[in-house]
Amino acid sequence: MKVLIVGSGGREHALAWKLAQSPRLGELHAAPGNPGIAALGNCHPVRADDGEGLLALAHALAIDLVVVGPEVPLVAGVADQLRHAGTAVFGPGREAAMLEGSKSFAKELMLAAGVPTAKDLSEPAWPCVVKADGLAAGKGVFVCPDTESLSRALREVEGFPGKPVFEELLVGEELSMLVLAAGEETLALAPAQDFKRAYDGDQGPNTGGMGSYSPVPGIGQSEVEAILEQVHRPVLAELNDRGHPFIGVLYAGLMRTDEGLKVLEFNVRFGDPETQAILPRLEGDLLEALAAAANGDLGDLKLGVSDQACVTVVLAAGNYPAGSDKGSPITGIAAAEETGAIVFQAGTAMRDETLLTSGGRVLNVSALGSTIAEARERAYAACEKISWEGMRYRTDIALASAKREAGEGA
Ligand code: AMP
Ligand code: GLY
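Scope of this entry: the structure provided in the associated data block. (Residues numbered from 1 in each chain as written. Chains lettered and ligands numbered in written order. Predicted model: local features only at pLDDT ≥ 70, side-chain atom pairs only at ≥ 80, totals over all residues. Heavy atoms only, no water.)

Put simply, helix α1 (residues 10–19) and helix α11 (residues 286–294) touch, their axes get as near as 8 Å, and they point 110° apart. Relative to α11, α1 is oriented roughly perpendicular. Two secondary-structure elements touch here, α1 through Leu15, Lys18 and Leu19 and α11 through Leu286, Leu287 and Leu290. (Axes fitted to C-alpha atoms, helices over the stretch in contact; angles between N-to-C directions. Helix = DSSP H or I, 4+ residues; strand = E, 2+ residues; numbered from the N terminus. Parallel < 35°, antiparallel > 145°, perpendicular 65-115°, else oblique. Contact = heavy atoms within 4.5 Å.)

Laid out in structure tokens, this is it:
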């Protein structure tokens, strides 16, 4: 099978890494890809949001399956364009992608489907959460526990298009539940948690994600099944009823509150950096599953999951999320991988055989271990081998769960 991965982040590198293990894979291509993906397949200089360019590329390469990584091309309707041209695509069409593309659409659909979520507020009043309506790469959400943060959020959200959404502030632990979906069929991936805030102790602004781990203590198979029943299946059924069957990853961002689970957001794609912690644990042929979903029929396909835990730490530019880093030489990736960790590249560029920074989130370091604590130690030991000027990472990824696992309480 000839596969084209669309995107250039750590998520896409992790997808390429996993798909490259499939006996069904003939050729692996990426648009535009990154230097990490280039070590596994061929990268083509076509932007992820260039629908026409992707169409021409898929045609020229006689691609059998396109796997779309990021949300922007999905919300723009790139999956529809490809499907109409006869190419199998793993990723939802524009209408279904509105679930991520518009917070107000997602709210309306959740209400219609009877899915528990944060209550909407007609007026902003702290404590609350202020959300830009459209796509904002994880940076359009402002958590406002007090009046100062609310005033700041109201000023900042003015910089985003559309009418902001105000909702009640939920308190609890977050959980990312990603599911492969084809119409109303579902195949759950392992539960994961990501760390959205920029700094240790969940301080600082929201980011695209600073780290992740899987599995999540307390979320076993029966809890996963209950979440699918309460959240994913009603949403998929509602989309189906509206004539927009969903093909792709339906990712529910959930808060575990005292009143039960509530949905914070839906994404219509693999999470970044959750994917970098989920795929190293996945057993079985991901390519077979994505191809089956793209053809609209998951059948009785099953995917296994390793008993090992995985922890992923994002190595970011010093000024991320406000800024990024460009052109700083990166050292130590080979040494990090010698420890057994996997380094997925995101914002990197290759110039004259030298790997340089080229973005906000630059690398992801994932490590497996028999416990979360062991995976965590291994991931951080590998991080210490890598450096560039200004590199920064959170030091508390999966810390609370590692402690809880050890019975120390969190
Ligand atoms: P979203 O893009 O809607 O997932 O929001 C990004 C992050 O903001 C979430 O992962 C949470 O950390 C936080 N967040 C969003 N909505 C709420 C809420 N209603 N209450 C508390 N935190 C929230
Ligand atoms: N890790 C959050 C996201 O992918 O949106």
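Lining the immediate surroundings of ligand 1 are 15 residues, of which Glu167, Leu170, Glu174, Lys196 and Glu265 lie closest. A distance of 2.8 Å separates a nitrogen atom of ligand 1 from a polar atom in the backbone of Leu170. The separation between an oxygen atom of ligand 1 and a polar side-chain atom of Asn206 is 3.4 Å. Every element with two or more residues in the shell around ligand 1 is listed here: β6 (128–131), β8 (165–168) and β16 (260–267). (Near = heavy atom within 4 Å. Polar contact = N/O pair within 3.5 Å; in protein donor to acceptor, adjacent residues only side chain to side chain.)

Taken across its 10 residues, strand β9 (residues 173–182) has eight buried, putting it largely inside the fold. Across 10 bridges, the pairing between β9 and strand β15 (residues 247–257) is antiparallel. Across the sheet, Val179 pairs through a bridge with Leu250, a residue of β15. Where β9 lies against strand β10 (residues 185–188), four bridges are found, and the strand directions are antiparallel. Residue pairing for β10: Val179 is matched across the bridge by Ala188. (Buried < 20%, exposed > 50% of the residue type's maximum accessible area, 1.4 Å probe, protein only. Pairing = 2+ DSSP bridges.)

Another point: the packing of helix α6 (residues 94–101) against helix α7 (residues 103–113). Running from amino to carboxyl end, α6 crosses α7 at an angle of 100°, the nearest separation of the two axes being 6 Å. Here α6 lies roughly perpendicular to α7, going by the angle between them. Within the contact between the two elements, α6 uses Glu95, Met98, Leu99 and Gly101 and α7 uses Lys103, Phe105, Ala106 and Leu109. Among the residues making up the contact of α6 with α7, the classes are represented as five nonpolar, one polar and two charged. (Nonpolar A, V, L, I, M, F, W, Y, C, P; charged D, E, K, R; others polar.)

Bringing the site of ligand 2 into the picture now. Inspection of the region around ligand 2 gives Asp194, Lys196, Gly208, Tyr251, Asn267, Arg269, Gly271, Asp272, Pro273 and Glu274 as its neighbouring residues. Residue Glu274 places a side-chain N or O atom 2.8 Å away from a nitrogen atom belonging to ligand 2. Isolated, ligand 2 exposes 190 Å² of accessible area, and the fraction of that covered by the protein chains is 91%. Looking at the shell around ligand 2 residue by residue, the class counts come to two nonpolar, three polar and five charged. (Areas by Shrake-Rupley, 256 points an atom, 1.4 Å probe, with all protein chains shown as cover.)

Another aspect to go through is the packing of aromatic side chains. Here the structure, examined in full by the defined rule, presents five aromatic pairs. Seen from their ring centres, Phe195 and Tyr213 are 6.1 Å apart, and the 40° between their planes marks the pair as tilted. Of this pair, Phe195 sits in the loop between β11 (193–194) and β12 (197–199) while Tyr213 is found in strand β14 (residues 211–214), placing the two residues 18 residues apart along the sequence. The class for Phe195 is buried, based on a relative accessible area of 9%. Among the residues examined, Tyr213 registers a relative accessible area of 0% and is labelled buried. Note on Tyr380 and Tyr393: the rings are 5.9 Å apart at their centroids and 35° apart in plane angle, and the pair reads as tilted. With a gap of 13 residues between them, Tyr380 in helix α13 (residues 372–383) and Tyr393 in the loop between α13 and α14 (399–405) connect regions that are remote in the sequence. On the basis of relative accessible area, Tyr393 is assigned to the partly exposed category, the value being 22%. (Phe/Tyr/Trp six-rings, centres within 6.5 Å; stacked < 30°, edge-to-face > 60°.)

Here we take up the pairing of strand β13 (residues 203–206). Both β12 and β13 contribute to a ladder of two bridges, which runs antiparallel. Considered in β13, the bridge of Arg197 is made with Asn206. Count of turn residues in the β12/β13 antiparallel hairpin: three residues, of which Gly201 carries a positive phi of about 70°.

As a further point, take the sheet that holds strand β21 (residues 342–345). If you trace the five strands from one edge of the open sheet to the other, you get β11-β14-β19-β24-β21, paired in antiparallel fashion. One side of each edge strand has no neighbouring strand; the edge strands of this open sheet are β11 and β21. Lying on the sheet, α1 is in contact with β21 and β24 (361–369); it crosses β21 at an angle near 125°.

Turning our attention to the pattern of salt bridges. Opposite charge on two side chains makes pairing possible when the charged atoms of those side chains draw close. On inspection of all chains with the given rule, the structure shows 26 salt bridges. Residues Asp120 and Lys107 are paired through a salt bridge, measuring 3.3 Å at the closest nitrogen-oxygen approach. In this pair, Asp120 sits in the loop between α7 and β6 while Lys107 sits in helix α7, placing the two residues 13 residues apart along the sequence. For Arg233, the salt bridge identified is with Glu229, shortest N-O distance 2.5 Å. Taken together, the positions of Arg233 and Glu229, both in helix α9 (residues 221–241) and four residues apart, correspond to about one turn of that helix. One continuous salt-bridge network, built from bridges that share partners, spans Lys103, Glu174, Asp194, Lys196 and Glu265. (Salt bridge = Lys/Arg side-chain N within 4 Å of Asp/Glu carboxyl O.)

Because the α-helix completes a turn every 3.6 residues, residues three or four places apart line up on one side. What α7 keeps buried is the set Lys103, Ala106, Lys107, Leu109, Met110 and Ala113. The inward-facing, buried residues of α7 abut α6, β6, β7 (141–144), β8, α9 and β16.

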